Structures are given as C-alpha cells and as structure tokens.
Amino acid sequence: MSTSIVTLLSRGPVLGDGGYLIELERRGYVDSGSRREKVGIGRGSGQFTPEVAIERPGALRELHREFLLAGSRVLQALTFFATREKLSRSGYGAETEAINTAAVKLAREVAGEGALVAGSVSRTQLLEREGAGALGRARDHIGEQIRLLKDAGCDFLILETFFHLAEMSAALECARASGLAAVATMSFRSHLNACSDGYSPAECARVMADLGAVAVGANCEQGPEAMLPLLREMRAAVQVPLAAQPAAFRTTRQSPNFTGVPEFPDALETIQLGRRDFFKFGRGARAEGLGYVGGCCGCNAAYIRALAEGLDSQ
Ligand SMILES: [Zn+2]
C-alpha cells in the first residue's frame, strides 16, 4: 500500500487488527508460560513471546489473512514482546533478529496492497522487574528492536502496552531517531486514572503527542466500555488523532485490568466479552473522536468484523 498511516488517519477512523498472542495461544501455538511461572502478578512474569513467527509461520499467516478479510487496513507484525530482553527470558534471545524480520515479512506477504504493516513494540518489562533505574537498558533494547523492524521494512510503528510513561517516552525518542511514524498507546492497570509511574491519561496523551506520536491513546487491559472514560480524558488533552485497541475481557471497578484477575491466563473464556461490545464501540468511534480503532487481547477476526460493521453503521 502506497498510502502512509498519516494520510489514512486524515481520512477518518482507521480499522486496525488484533489481538494476536492470546488468539494464537488459544489455537495452541503460543506459550502462556502459566505452567512454569506464576503469572498475573504484575512483575513481568509469564511468557507470551512471538516465536511462532519462525516456528509456525503458517499459523501466523492465517491469522493475518483473517484480519485482512475482516477489513483491517493495518496488519501488525507479531513483534510484541520481541525485544532481546524479553525473548532472552523465554530462551529465544539469539533469534531476536530472525523473529522480528520474519514477522514483518509474513505480515507484508499477506497485506499486499490491501493494508499497511506496523511493527509492534511493547515494554521490555525491565521497569516492572527492576525499577526506574533500568530505563537506560530498556531504551537500548527498544532502540535495537526498532532498528530491526525498520530494516525489515515495516511502514510505521505501533508502540503499545507500555505501563510507564518514562519507557514510552524513550520508545518515542527511538522511533523519532528511526524516522518511522509511531502510533502510541499506553495501558492502564490497577488504576484507570494513572499509569504505573503516576501520570494521568491526559498527561500521557500530551507527552506522547509532544514527542511526535501521530496518534495517541490506550490499548489492552479493559474492554471498550471500561476504556472509554480514559480515552475521553485523552481526547480533551490533545489535537492528534486518538487510537484505541481495547481487550475483549470483562473487568471490574476493583480490578480494572484483566491481567490482574485470577482468570488470567487459564480461565479467560469465563470473562470473555461479546463482539457486540465492539460493534457499539465502532458505531460510536467518530462521535468519540477516535481516529484508529483495533482490538487487543481476546479479540479475533469476528470482533474486528463487528468493529468494521459498527464503523460502517455510523
Ligand atoms: Zn492486549
């Protein structure tokens, strides 16, 4: 596709894709890590790494195809959790370059002229494990991954599922150095009114926009309805398009993040949201000022199709 993400965003809500890892875990191709480590404790344990890109490329190619058929105009290369730091923890550090390169190539093959290819970059988990002092190392790992994604030929970056604004800021600086446009979305857990280093959604949005993100917003951890209040706060704070990739899981006021409830990761089916929530989200997208909408954990092509139908019904 010769159009840039900035041009697509200027034409109205862009339909993204997602989520990949939980869907592929359900299909048997991704390891949740739940049999080896205690997960869901918020300290960066668990696996959910994307070695499927080199070990089961056919499975990943098929999921890309399903999203494209559902209407996605952007396919995210499955490079979530593919910094050398995170991959090393699951035994795939030596394959960092191969995984990032293969993932972009697979997404490109399927996208053809029908969609853009985004390199997905997420937190390293170093800050959750070691604290703010690890920021420099996190920046180095993210910088390396962005260079790999650029060399592999992605069209732009989606920086997503960052818990700390400090790490997101470092990632945006690396993105700027690469010359690639970046959509930037934070994830809010434990509290909907502040990220892990204490900044409100509005403050996060302002900082991400000031650092050059072409769209800013939130992804993961909450379903569409639970995410809307924080998106509205962001909407009021910035002029750039807003991006949202909600999860498809039910959360509560006490536990506003699905990765913090006992159902994660082995009983997620019991808190699954219906795709109707995504239809509603799509129908309200323009009125809410959303410029980019997609799905995250718990979504598959049926949810993206519902989102597309919602967008069309506005
Ligand atoms: Zn997610």
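Please read these numbers as outputs of a predicted model, since none were measured by experiment. (Residues numbered from 1 in each chain as written. Predicted model: local features only at pLDDT ≥ 70, side-chain atom pairs only at ≥ 80, totals over all residues. Heavy atoms only, no water.)

K.L.:
Please explain the sheet that holds strand β8 (residues 290-293) as it appears in this structure.
P.N.:
Note: strands within a sheet are paired through backbone hydrogen bonds, in either parallel or antiparallel orientation. Strand order in the open sheet formed by eight strands is β1-β8-β7-β6-β5-β4-β3-β2, and the pairing between neighbours is parallel. Only two strands of the sheet have a single neighbouring strand rather than two, namely β1 (14-15) and β2 (74-77). The pairing of strand β5 (residues 182-186) with strand β6 (residues 215-219) spans four bridges and is classified as parallel. Across the sheet, the residue bridging to Ala184 is Val216, located in β6. Each of β3 (116-121) and β4 (156-162) is contacted by helix α8 (residues 135-152), which is oriented at about 160° to β3, the strand it contacts most. (Pairing = 2+ DSSP bridges. Helix = DSSP H or I, 4+ residues; strand = E, 2+ residues; numbered from the N terminus. Contact = heavy atoms within 4.5 Å. Axes fitted to C-alpha atoms, helices over the stretch in contact; angles between N-to-C directions.)

K.L.:
What exactly am I supposed to notice about the coordination of the zinc ion here?
P.N.:
Reference values for angles at a metal are 109.5 degrees in the four-donor tetrahedral case and 90 or 180 degrees in the six-donor octahedral case. Here the zinc ion is held by Cys220 (SG), Cys296 (SG) and Cys297 (SG), and the distances to it run 2.2 to 2.3 Å. Owing to a relative accessible area of 17%, Cys297 belongs among the buried residues under this scheme. (Donors = N, O, S within 2.8 Å, 3.2 Å for Na, K, Ca; no water. Buried < 20%, exposed > 50% of the residue type's maximum accessible area, 1.4 Å probe, protein only.)

K.L.:
So what exactly am I meant to see when it comes to the confidence of the model for the chain here?
P.N.:
In low-pLDDT regions, the fine details of the predicted coordinates are not to be read closely. Predicted confidence across the chain gives a mean pLDDT of 94, with 96% of residues reaching 70 or more. Confidence drops under a pLDDT of 50 for residues 38-45, and excluding neighbours within four residues, the segment shows 24 contacts in the predicted structure. (pLDDT = per-residue confidence, 0-100.)

K.L.:
Honestly, the packing of α8 against helix α9 (residues 165-178) in this entry has me stumped. Any pointers?
P.N.:
A pair of packed helices can be characterised by two numbers: the angle between their axes and the separation between those axes. Where α8 contacts α9, the axes come no closer than 9 Å and their chain directions differ by 35°. Two packed elements cross with a definite hand, and for α8 against α9 that hand is right-handed. Each of Leu135, Ala138, Arg139, Ile142, Gly143, Ile146 and Lys150 in α8 lies in contact with α9, whose residues at this interface are Ala166, Glu167, Ala170, Ala171, Glu173, Cys174, Ala175 and Ser178. (Left-handed = near helix turned anticlockwise from the far one by under 90°.)

K.L.:
When you look at the environment of Val238 in this model, what are you seeing that I'm missing?
P.N.:
One can find Val238 in the loop between α11 (224-235) and β7 (242-245). Distance from Val238 to Cys220, taken between C-alpha atoms, is 21 Å for residues 18 residues apart in sequence. Among residues more than four places away in sequence, those in contact with Val238 are Ala205, Arg206, Ala209 and Val216.

K.L.:
Which parts of the structure should I look at to understand the pattern of salt bridges?
P.N.:
Working definition: two side chains of opposite charge can pair if their charged atoms are close together. Overall, the coordinates contain 14 salt bridges when judged by the stated rule. The shortest N-O distance in the salt bridge between Lys105 and Glu109 comes to 3.9 Å. Remark: Glu109 and Lys105 occur in helix α6 (residues 96-111); sequence separation between them is four residues, near one turn of the helix. Take Lys105: its relative accessible area is 55%, and that puts it in the exposed class. Taking relative accessible area as the criterion, Glu109 reaches 44% and is therefore assigned partly exposed. The partner of Glu225 in a salt bridge is Lys280, and the shortest N-O contact between them spans 3.9 Å. Pair noted here: Glu225 is in helix α11 and Lys280 is in helix α12 (residues 276-283), with a separation of 55 residues, a long-range link. (Salt bridge = Lys/Arg side-chain N within 4 Å of Asp/Glu carboxyl O.)

K.L.:
Explanation requested: the environment of Ile5 in the structure shown.
P.N.:
Relative to the helices and strands, Ile5 resides in helix α1 (residues 5-10). We classify Ile5 as buried; its relative accessible area is 3%. Ile5 sits 152 residues away from Leu157 along the chain, and the two C-alpha atoms are 9.7 Å apart. In this structure, Ile5 is in contact with Val74, Leu116, Phe156, Ala181, Val214 and Tyr292, ignoring residues within four places of it in sequence.

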